[in-house]
Amino acid sequence: MTVGGASLLYLSRDDVAGLGLPMSDVLAAVEESFRLKGRGEVGLPAKIGVEAGGGAFAHAMPAFVPAAGALGVKWVGSFPGNPARGLPAVSGLIVLSDPATGLPTAVMDATLVTALRTGASAGVAARWLAREGAAVAAVVGCGVQGRASLRALAEALPGLREVRCRDVHESASSSFVSELSAELPGLEFRVCDSAPEAVVGADVVVTAIPMDGGRPPLDAGLLVAGALAVALDYDAAWTAAAMAECDRLVTDDLSQTQATKAAGAHLAGLPVIDADLGRVVAGLEPGRRDAAQRILCLNLGIATHDVLTARLAYERALAAGAGTRLPL
Ligand SMILES: NC(=O)c1ccc[n+]([C@@H]2O[C@H](COP(=O)([O-])OP(=O)(O)OC[C@H]3O[C@@H](n4cnc5c(N)ncnc54)[C@H](O)[C@@H]3O)[C@@H](O)[C@H]2O)c1
């Protein structure tokens, strides 16, 4: 039985990729997501999750952004063993619903949406927290999120000139360089032999390595004065001592970060957080206070980014006639 003849739009991974969502549009949507969240104008409970063994987990992430008419939920898995099986580490589905009726309007693959919005969250952090004139970026973990992050940094940092990249797999860093140097010809790329080599002297550091419980590769004494570190991988990359050394700790959502720490599987050594990036973007609290501060921004990933980015994809798909109609 169908629901009053209603249907939803299904967008496969190829359908979403075929829409060619530009990073500049996603960056604007994610910045707006931060701003609205900072003003308290969204529904955003902390994500809930289940641990699935070996560092794998799955999260359920609902959000409502009334100003954009975006209501939805992401079901996403992070399975660090997947790349060895030829599968993406991060995958899932997003369901969008009509905010007026609650009826589902779209179901789409979440892989690309997640990468775009996660990279954009690093871009927004850089725009608001990097020191003026930031020219050197380091990317530690040259996988899916690392690539998206560099695309966003290139949009957000007009002075960016040099990119250092570090991956434990040489093939990952070399494909990162060949793919992104073609896309971003104004940047000079350097492959580094260790994570510390990439980080010392960088103005902005993005880390996106697996959360597999291994010892973090980045310790205290590496982040130079004035640098910004954006961790997309919880506490996988930086030791507790390195985090404690920062002058300012910012996160994409204070209550979600506190809930994640309280849940116990991650962030045991996390120091007290000073600021919420949403409130910084909304102008409600300061970001960087001076050019010498070391800032760590911990972006765990928030669902308002997902539903706003998915909404962009849905609108584009409707305009392009993309995807497959399914009865409810
Ligand atoms: N914060 C968020 O919103 C968010 C969203 C999606 C994914 N993630 C997390 O980001 C991380 C990366 O995800 P992905 O999809 O890019 O995975 P991926 O498998 O595509 O990339 C990870 C890369 O890190 C490399 N690596 C592993 N150990 C390393 C080390 N010690 N030093 C340097 N490189 C190392 C791997 O070789 C791989 O190339 C995961 O922890 C994932 O859970 C966070």
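Residues numbered from 1 in each chain as written. Predicted model: local features only at pLDDT ≥ 70, side-chain atom pairs only at ≥ 80, totals over all residues. Heavy atoms only, no water.

Participant: Is there a simple way to explain the nonpolar core in this structure?
Facilitator: Where a protein is soluble and globular, its nonpolar side chains tend to be buried together. Within the largest apolar cluster, 75 residues are counted, with the highest numbers of intra-cluster contacts made by Met108, Leu150, Leu153, Phe176, Leu228 and Leu277. By residue number, the principal contributor to this core is helix α3 (residues 111-129), which donates 9 residues. Residues lining this core come from more than one domain, with at least three contributed by each of domain 1 (7-113 + 304-327) and domain 2 (117-302). Setting aside its immediate chain neighbours within four residues, Leu228 contacts Ala125, Ala126, Leu129, Ala130, Asp203, Val204, Val205, Arg288, Ile295 and Cys297. Core analysis: the second largest hydrophobic core is formed by 31 residues, Phe57, Leu223, Ala227 and Ala242 among them. (Core = buried A, V, L, I, M, F, W, Y, C linked by side-chain atoms within 4.5 Å. Buried < 20%, exposed > 50% of the residue type's maximum accessible area, 1.4 Å probe, protein only. Helix = DSSP H or I, 4+ residues; strand = E, 2+ residues; numbered from the N terminus. Domains from an automatic or database assignment. Contact = heavy atoms within 4.5 Å.)

Participant: What's the story with the packing of helix α2 (residues 23-38) against helix α4 (residues 144-156) in this structure? I'm lost.
Facilitator: The relative placement of two packed helices is expressed as an angle between their axes plus a distance between the axes. Their axes nearest at 10 Å, the elements α2 and α4 cross at an angle of 80°. Judged by the angle between their axes, α2 and α4 are roughly perpendicular. Across the interface between the two elements, Met23, Ser24 and Leu27 of α2 pack against Ala148, Arg151, Ala152, Glu155 and Ala156 of α4. For the contact of α2 with α4, a count of residues per class yields 5 nonpolar, 1 polar and 2 charged. (Axes fitted to C-alpha atoms, helices over the stretch in contact; angles between N-to-C directions. Parallel < 35°, antiparallel > 145°, perpendicular 65-115°, else oblique. Nonpolar A, V, L, I, M, F, W, Y, C, P; charged D, E, K, R; others polar.)

Participant: Explanation requested: the packing of α3 against helix α10 (residues 303-320) in the structure shown.
Facilitator: Across the interface, α3 lies against α10 with an axial gap of 9 Å and an inter-helix angle of 120°. As the angle between them shows, α3 and α10 are arranged oblique. Two packed elements cross with a definite hand, and for α3 against α10 that hand is right-handed. Contacts between α3 and α10 pair Val113, Thr114, Arg117 and Ser121 from the former with His305, Asp306, Thr309 and Ala310 from the latter. Its residues assigned to classes, the contact of α3 with α10 shows 2 nonpolar, 4 polar and 2 charged. (Left-handed = near helix turned anticlockwise from the far one by under 90°.)

Participant: Mind showing me how you'd approach the sheet that holds strand β12 (residues 248-251) here?
Facilitator: Sheet strands associate in pairs through backbone hydrogen bonding, adopting either a parallel or an antiparallel arrangement. An order of β9-β8-β7-β10-β11-β14-β12-β13 is seen for the 8 strands of this open sheet, with the pairing classed as parallel. If you trace the sheet from one side to the other, it starts and ends with β9 (188-191) and β13 (275-276), each paired once. By the bridge criterion, 4 bridges tie β12 to strand β14 (residues 295-298) in an arrangement that is parallel. Bridging from a neighbouring strand, Arg248 pairs with Ile295 of β14. Across the sheet, α3 touches β10 (204-207), β11 (228-231), β12 and β14, and the angle it forms with β11 is around 160°. Contacting β7 (136-140), β8 (162-166) and β9, helix α5 (residues 170-183) crosses the sheet at an angle of about 175° to β9. (Pairing = 2+ DSSP bridges.)

Participant: Looking at this structure, I do not really get the environment of Trp238. What am I missing?
Facilitator: Following the sequence through the fold, Trp238 ends up in the loop between β11 and α7 (240-244). Residues Trp238 and Trp75, spaced 163 residues apart in sequence, show a C-alpha to C-alpha distance of 27 Å.

Participant: Quick question: what am I supposed to make of the domain arrangement of the chain here?
Facilitator: Think of interface size as the accessible area that goes away when the parts come together; that is how it is often given. Along its sequence, the chain is carved into domain 1 (7-113 + 304-327) and domain 2 (117-302). Computed over C-alpha atoms only, the centres of domain 1 and domain 2 are separated by 22 Å. Listed by partner, the interface residues are 29 residues for domain 1 and 34 residues for domain 2. Of the charged contacts, one joins Lys37 and Asp253 as a salt bridge, the two residues approaching to 2.7 Å between their closest N and O atoms. Across the domain 1-domain 2 interface, the total number found is 13 residue pairs in polar contact (both at pLDDT 80 or more). Sorting the residues of the side of domain 1 that touches domain 2 by element identifies α2, β3 (56-65) and α10 as the ones contributing at least two each. Sort the elements by how many residues they give to the side of domain 1 that touches domain 2 and α2 lands first, with 11 residues. When its residues are assigned to classes, the side of domain 1 that touches domain 2 shows 13 nonpolar, 8 polar and 8 charged. (Salt bridge = Lys/Arg side-chain N within 4 Å of Asp/Glu carboxyl O. Polar contact = N/O pair within 3.5 Å; in protein donor to acceptor, adjacent residues only side chain to side chain.)

Participant: I'm lost on the packing of aromatic side chains in this one. Help?
Facilitator: How two aromatic rings sit relative to each other is set out by the distance from centre to centre and by the angle between their planes. Applying the stated criterion across every chain yields a total of 2 aromatic pairs. For the pair Phe57 and Tyr234, a centre-to-centre distance of 6.2 Å together with 35° between the ring planes defines the contact as tilted. Pair noted here: Phe57 is in strand β3 and Tyr234 is in the loop between β11 and α7, with a separation of 177 residues, a long-range link. Here the two residues Phe57 and Tyr234 agree in accessibility, since each one is buried. For the ring pair Phe176 and Phe189, a centre distance of 6.5 Å and an interplane angle of 70° mean the geometry is edge-to-face. Of this pair, Phe176 sits in helix α5 while Phe189 sits in strand β9, placing them 13 residues apart in sequence. For the pair Phe176 and Phe189, a shared accessibility class is recorded, and that class is buried. (Phe/Tyr/Trp six-rings, centres within 6.5 Å; stacked < 30°, edge-to-face > 60°.)

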